[in-house]
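Chain residues, written in single-letter form:
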Amino acid sequence: QDGTFPPPVRIRPMIPRCMCPQPSPRVVLVEDNAPTLRVLSDFLAQSGFDVAKAQTVAEAKATIAQAGCKAVLLDMHLPDSTGHAFVRELRNHPDPEVSHVVIVLLTASSLASDRDACLRAGADLFLTKPMPLREISRLLKAYIRARFP
């Protein structure tokens, strides 16, 4: 009518949330046995996790402090600490990004006393070896999804 164009319309593509790429959850794998560390690390990476490796609690502390860690998969018997002592230390950490990570212990010990001590210390899950790798991946994803929706 008056020769002017209407204002442009901004169109946003409708992509369902589930189709948007999600960042890979960062998992710190703490295992002192090198072959086990390699197998678990490779499988978790292939399963879509961003894996950081540590062979001691001291290495794990430095790695976990980095932003974005969602879970710690931890052997119970490490050269410089026990699993339940490290779990307690993580849960009491002043930084909520550290104290709220998902903590999964993966160990050859099937003693109920070890399991109870780790869960009382604040571990989310206690798994015994051998454990199917797909099950470890499935459980990690489920716990991370529940903790960080």
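Bear in mind the structure is a predicted one, so any value in this text is a computation, not a measurement.

(A) Region of the structure containing the overall build of the protein chain. Scanning the protein chain from terminus to terminus reveals six helices and seven strands. Taken from N to C terminus, the helices and strands of the protein chain fall in the order β-α-β-α-β-β-β-α-α-β-α-β-α. When the 149 residues of the protein chain are sorted by exposure, 39% land in the buried category. Taking all contacts inside the protein chain whose residues are at least 6 apart in sequence as the whole, residues at least 24 apart take part in 62%.

(B) Structural context of the sheet that holds strand β3 (residues 69–74). Pairing in this open sheet of five strands is parallel, and the strands run β2-β1-β3-β6-β7 from one edge to the other. With partners counted over all chains shown, the strands left at the sheet margins are β2 (50–54) and β7 (125–128), one partner each. Adjacent strand axes in the sheet meet at a mean angle of 20°, parallel and antiparallel pairs treated alike. Here strand β1 (residues 26–30) pairs with β2 via five bridges, running parallel. By the bridge assignment for β2, R26 is matched with D50.

(C) View of the pairing of β3. A large share of β3 lies buried, amounting to five of its six residues. The sheet contact formed by β3 and strand β6 (residues 102–107) spans four bridges and is parallel. Directly across from V72, in β6, lies its bridge partner I103.

(D) Spatial organisation of the nonpolar core. Core analysis: the biggest nonpolar cluster contains 23 residues, and V30, I64, V72, L74, I103 and L105 have the highest contact counts within it. Counting only elements with at least two residues in this core, the list comes to β1, β2, α2 (57–64), β3, α3 (83–91), β6 and α5 (112–121).

Scoring rules and cut-offs
- Residues numbered from 1 in each chain as written.
- Predicted model: local features only at pLDDT ≥ 70, side-chain atom pairs only at ≥ 80, totals over all residues.
- Heavy atoms only, no water.
- Helix = DSSP H or I, 4+ residues; strand = E, 2+ residues; numbered from the N terminus.
- Buried < 20%, exposed > 50% of the residue type's maximum accessible area, 1.4 Å probe, protein only.
- Contact = heavy atoms within 4.5 Å.
- Pairing = 2+ DSSP bridges.
- Axes fitted to C-alpha atoms, helices over the stretch in contact; angles between N-to-C directions.
- Core = buried A, V, L, I, M, F, W, Y, C linked by side-chain atoms within 4.5 Å.

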